[in-house]
Amino acid sequence: MPSWLVIWMFRFARGERWRKATSQEKRSGAGLFLLVAVLFIVTELATHFGRAQLGFVMRATPLQLWLWMTLLIAVMVFGMAFWARHVCARTSSILAVIAWAVLISLVVYFEWL
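These numbers were taken from a predicted model, which means no experiment stands behind them.

Novice: Hey, could you go over the side chain of S92 for me, with residue numbers and the actual values?
Specialist: On the secondary structure map, S92 appears in helix α5 (residues 89–112). Residues in contact with S92, not counting those within four places in the same chain, are A30, G31, L34, W83 and V87.

Novice: Which residues make up the side chain of E44, and what are the values?
Specialist: For E44, the location among the structural elements is in helix α2 (residues 23–49). On the basis of relative accessibility, which here comes to 12%, the residue E44 falls in the buried class. Those residues in contact with E44 that lie beyond four places of it in its chain are L106, V107, F110 and E111.

Novice: Help me get a handle on the packing of α2 against α5, residues and values and all.
Specialist: The N-to-C vectors of α2 and α5 enclose an angle of 25°; their axes lie 8 Å apart at closest approach. As judged from the angle between their axes, α2 and α5 are roughly parallel. The element α2 and its partner α5 pack so that their crossing is left-handed. In terms of residue class, the contact of α2 with α5 is built from 19 nonpolar, four polar and four charged.

Novice: Describe the environment of G79, and please don't skip the residues or the numbers.
Specialist: Looking at where G79 falls in the secondary structure, it is placed in helix α4 (residues 62–86). Look at G79 and you get partly exposed, because its relative accessible area is 36%. Separated by 78 residues in the primary sequence, G79 and M1 place their C-alpha atoms 32 Å from one another.

Novice: So what about the environment of T22? Which residues, and what values?
Specialist: Along the chain, the position of T22 falls in the loop between α1 (3–13) and α2. Residues T22 and L67, spaced 45 residues apart in sequence, show a C-alpha to C-alpha distance of 34 Å.

Novice: Give a description of the nonpolar core that names residues and reports values.
Specialist: Counting eight residues, the largest nonpolar core is built from L34, A37, I41, A96, A99, L103, L106 and F110. The set of elements that each furnish at least two residues to this core consists of α2 and α5. The leading source of residues in this core is α5, at five residues. The residues touching L106, leaving out its near neighbours within four places in the chain, are I41, E44, L45 and E111.

Novice: Can you break down the packing of aromatic side chains residue by residue, with the values?
Specialist: Within a pair of aromatic rings, the relevant descriptors are the distance that separates the centres and the angle that separates the planes. Under the counting rule described, the total for this entry stands at five aromatic pairs. Taking 6.1 Å as the distance between ring centres and 75° as the angle between the ring planes, the aromatic pair formed by F40 and W100 counts as edge-to-face. Highlighted residues: F40 in helix α2 and W100 in helix α5, separated in sequence by 60 residues. The exposure class of F40 is partly exposed, given its relative accessible area of 45%. Exposure remark for W100: the relative accessible area of 24% places this residue in the partly exposed category. With 5.6 Å between their ring centres and 90° between their planes, F49 and F110 make a pair best called edge-to-face. With a gap of 61 residues between them, F49 in helix α2 and F110 in helix α5 connect regions that are remote in the sequence. Using a relative accessible area of 61% as the deciding quantity, one classes F49 as exposed. Note on F110: relative accessible area 16%, which makes it buried.

Basis of the calculations
- Residues numbered from 1 in each chain as written.
- Predicted model: local features only at pLDDT ≥ 70, side-chain atom pairs only at ≥ 80, totals over all residues.
- Heavy atoms only, no water.
- Helix = DSSP H or I, 4+ residues; strand = E, 2+ residues; numbered from the N terminus.
- Contact = heavy atoms within 4.5 Å.
- Buried < 20%, exposed > 50% of the residue type's maximum accessible area, 1.4 Å probe, protein only.
- Axes fitted to C-alpha atoms, helices over the stretch in contact; angles between N-to-C directions.
- Parallel < 35°, antiparallel > 145°, perpendicular 65-115°, else oblique.
- Left-handed = near helix turned anticlockwise from the far one by under 90°.
- Nonpolar A, V, L, I, M, F, W, Y, C, P; charged D, E, K, R; others polar.
- Core = buried A, V, L, I, M, F, W, Y, C linked by side-chain atoms within 4.5 Å.
- Phe/Tyr/Trp six-rings, centres within 6.5 Å; stacked < 30°, edge-to-face > 60°.

The following block contains the structure:
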């Protein structure tokens, strides 16, 4: 069982009260909801249109892959923090719903048709 689930169940069993999310937490959550959809869209488009560019992954050493992934994750974390600081949660949520709708339509179009 995942440790976060055990901690959640223990806190729930003890009767700990839940607190409402702060505005910063709401903005971060909405930004993460948007970021995940955008990353899936980029992945879907890259796998559909960029089959020839996958040569880098095949030729790269483990150190190069680790460095690129570390750089990508750092850019994502700082980009999301910047986004959450300057964009309200409602705007992020609206854009996230649009992005998820685009993602679902891409999956249906590319994979199922």
